[in-house]
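# Per-entry structural report
Chain by chain, the residues run as shown.
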Amino acid sequence: MLLRARFWLILPLLLGCPGLLRAQQPPPAVPQPPGLVFRADVGEVLVQVSVLDRKGRSVNDLPASDFAVYENNVRQTVESFSHADSPVSVGIIVDNSASMAPRRLQVDQAALNFVRTSNPGDEVFLVKFNDEYHLAAPFTNDIAALERGLGELEPSSSTALYDTLLRAGAYLMHDGKRAKKVLLVISDGADDSSTHDLGQVLTSLQARDAPMIYCIGLADKEDGRTLEKESEEALRQIAVTSGGVAYFPKGLRDVDAITRKVAQDIRLQYSLIYRSNQPGPGYHAIRVEVADPHQKHLVAHTRRGYVR
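The following refers to the structure shown. (Residues numbered from 1 in each chain as written. Predicted model: local features only at pLDDT ≥ 70, side-chain atom pairs only at ≥ 80, totals over all residues. Heavy atoms only, no water.)

## Looking at the nonpolar core
The biggest cluster of nonpolar side chains holds 31 residues, and the ones touching the most others in it are I92, F114, L126, Y214 and V262. Of all the secondary-structure elements, those providing two or more residues to this core are β5 (89-95), α4 (104-117), β6 (123-129), β7 (133-140), α5 (143-150), β8 (181-187), β9 (212-217) and α9 (255-267). A total of six residues in this core trace back to one element, the largest contributor, which is α4. Those residues in contact with F114, other than ones at most four positions away along the chain, are V90, I92, L184, T259, V262, A263 and I266. Y133, L161, L166 and L172 belong to the second-largest nonpolar core, a separate cluster that totals 29 residues. (Core = buried A, V, L, I, M, F, W, Y, C linked by side-chain atoms within 4.5 Å. Buried < 20%, exposed > 50% of the residue type's maximum accessible area, 1.4 Å probe, protein only. Helix = DSSP H or I, 4+ residues; strand = E, 2+ residues; numbered from the N terminus. Contact = heavy atoms within 4.5 Å.)

## Here's the deal with the pairing of strand β11 (residues 270-275)
Burial of β11 is extensive: five of the six residues sit out of reach of the surface. As paired strands, strand β1 (residues 44-52) and β11 are joined by six bridges and run antiparallel to one another. Looking at the pairing, E44 lines up with R275 of β11. The pairing of strand β4 (residues 78-82) with β11 spans four bridges and is antiparallel. The residue bridging V78 from the neighbouring strand is Y274, located in β11. (Pairing = 2+ DSSP bridges.)

## With respect to the pattern of salt bridges
Under the definition given, this model contains 13 salt bridges. Ionic pairing is found between D108 and R104, a salt bridge with its closest N-O pair at 3.6 Å. With D108 and R104 both in helix α4, this residue pair falls four residues apart, about one helical turn. Each member of the pair, D108 together with R104, is buried. With its nearest N and O atoms 3.0 Å apart, the salt bridge here joins R104 to E154. Of this pair, R104 sits in helix α4 while E154 sits in the loop between α5 and α6 (161-175), placing them 50 residues apart in sequence. It is possible to trace a salt-bridge network through shared partners that takes in R104, D108, K128 and E154. (Salt bridge = Lys/Arg side-chain N within 4 Å of Asp/Glu carboxyl O.)

Following this line, the structure appears as structure tokens:
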């Protein structure tokens, strides 16, 4: 468990992340809203849950009694339940490879509207990437600072999505001060430049405190249908493993509506904390169900599990 818990902290040092080299002490504790006090004790697990109906709409009026949480197929006792609009630590990751040039203005505006629709108390950082990682804006809630960051770099070069996800995830987990942590990824192509692979990203998402990831995939038709499908499947695996959702809009005009929807969905999430009754190291599978038999049309989205 200790080796896995330290994964997010060690990896950015190997990748040469200067922001983490400066931070030797853990960040100070930040008060959490009532009902969401996560202490990261041994065996204590925080689960973020989005509940959607058949049309993909968020359902936000369920009581704690409507949820059943299972770890390794054994039902758990939920000790804390919250449906408050709690502030989150969130990272926006925007593909800045050459193929994004025609999409840049609309994507940048959609990213800003995501922040405008989010909880005003959120702390947000911005990463733009191609074959290199660029922290365009560290944690802030200043829209103007994020807007400046979006406009700093011209799209160019290739796509190192997996390297970027690992490094941005490490920054989020180390410097983010909120209990709830989320990444929003907007990308148009398959990874062709990373030194890490999809399997390593999925493994990193098995950390007990790994973030939830939402992906928006903008298909690059010039890559060909096979590469497009591979890229979509990779984004889908990343999102589902983390408990998030992957979206593949038919047109660029839909991106803004999707980012606003994601922001609203994050604000409507349920937060459940339980103390695991499953001892031992290894992978612990998580499943959350809407237990009310009259609500069988609802689907609960959460991460698939964690490694202890």
